[in-house]
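Remarks on the overall topology
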Amino acid sequence: MHSRMIIAIDGFSSCGKSTVAKAIAKRLGLKYIDSGAMYRAVTLYFMRNGIPIPDSDELVDFPFDFNPVLDKIQITFQVNPATGLSEVYLNGENVEQPIRTMEISEQVSHVSAIKTVRKKMVELQQQEGEQGGLVMDGRDIGTTVFPHADLKIFMKADPMIRADRRFKELVSKGVEITVEEVISNVVGRDYEDSHREESPLRKADDAIVLDNSHLNQEEQVEFVVKEIEKFKVGC
Ligand code: DC
């Protein structure tokens, strides 16, 4: 019944979007695509190859043609049989690990503000959804990528709670970082993602808000499942 559904989950950085999206995809047997991973993979390519990255105030008339670079970038997803989840590949290399570093987090908002980068990523994301049956999380999925998604969730949480969660996650992975650095990254990305010219982060008019500041993972999944149940009754 839900096998062709498209579910868009947007929201602020470090809100736990991917955790909820993965759980929903698993529960309904849908494909899961992390659109942020695509922007991170492009950022990794730029950084490895010395491609100039404009600051937000340099975007207009930046003297560099990104199109030839983008033509050299192939981003694909493959399901990891051990986890059943799709993982992102950059030109055939599994980059799930290297795209999660702080260095990438610090640059990804700049790269994702480049118009030509967004155009290419949105096309790829729409191709992924051509057959339906998909949960995708990001910043502009309900507004730009799938404006007709069956269900749109907009996730938010107190910035300090988000930064604290992200800090604990990074520390548990052995990353040496201060909580102040994480707060600055989370708040900075929120600002850049919501103020850029090209499809900024904003709640779609028909999205349902999920504030997970004080909800555990199970409660968040239940919240979304209840919305899906309503959809079933409605159709
Ligand atoms: O979800 P994430 O934190 O991994 O995303 C990384 C960055 O990519 C985020 O700061 C903004 C950008 N992004 C975007 O602009 N549009 C999307 N649909 C997904 C992510």
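Every value quoted in this text rests on a predicted model; they were computed, and no experiment measured them.

Re helix α2 (residues 35-48)
Spanning 14 residues, α2 covers 20 Å between terminal C-alpha atoms, matching the ideal 20 Å at 1.5 Å per step. Burial runs high along α2: eleven of the 14 residues are buried. Listed in full, the buried residues belonging to α2 are S35, A37, M38, Y39, R40, A41, V42, T43, L44, Y45 and F46. One or two steps after α2, the chain reaches G50, where phi turns positive at roughly 60°.

Thoughts on the side chain of R166
Residue position: R166 is located in helix α7 (residues 159-172). With sequence-adjacent residues up to four places away left out, R166 is seen in contact with S14, R100, S105 and V182.

Comments concerning the environment of A149
Tracing the sequence through the fold places A149 in the loop between α6 (141-145) and β7 (151-156). Exposure remark for A149: the relative accessible area of 11% places this residue in the buried category. If we ignore the near neighbours within four places in the chain, the residues touching A149 are I6 and A8.

Quick notes on the site of the ligand
Neighbouring residues of the ligand: 15 residues in total, closest R40, R118, D140, R189 and R196. Between an oxygen atom of the ligand and a side-chain N or O atom of S109, the distance comes to 3.3 Å. Coverage of the ligand by the protein amounts to 94% of the 450 Å² it exposes when considered alone. Mapping the ligand onto the cavity grids shows that it belongs to the largest pocket.

Things to note about a negative patch on the surface
Together, E103, E106, E180 and E181 line one region of the surface with negative charge. Those elements that provide at least two residues to the negative patch are α4 (102-111) and α8 (179-195). In this structure, E180 sits in helix α8.

Criteria and thresholds
Residues numbered from 1 in each chain as written. Predicted model: local features only at pLDDT ≥ 70, side-chain atom pairs only at ≥ 80, totals over all residues. Heavy atoms only, no water. Helix = DSSP H or I, 4+ residues; strand = E, 2+ residues; numbered from the N terminus. Expected span 1.5 Å × (residues − 1). Buried < 20%, exposed > 50% of the residue type's maximum accessible area, 1.4 Å probe, protein only. Contact = heavy atoms within 4.5 Å. Near = heavy atom within 4 Å. Polar contact = N/O pair within 3.5 Å; in protein donor to acceptor, adjacent residues only side chain to side chain. Areas by Shrake-Rupley, 256 points an atom, 1.4 Å probe, with all protein chains shown as cover. 1 Å grid on protein atoms, 1.4 Å probe; cavity = no way out; pocket = protein on both sides within 12 Å on 5 of 7 lines; lining within 4 Å. Sits in = over half its atoms within 2 Å of the grid points. Patch = residues over 30% accessible without salt bridge, like charges linked within 9 Å, V, L, I, M, F, W, Y side chains within 5 Å. Salt bridge = Lys/Arg side-chain N within 4 Å of Asp/Glu carboxyl O. Lys, Arg positive; Asp, Glu negative; His and termini not counted. Charge placed at Lys NZ, Arg CZ, Asp CG, Glu CD.

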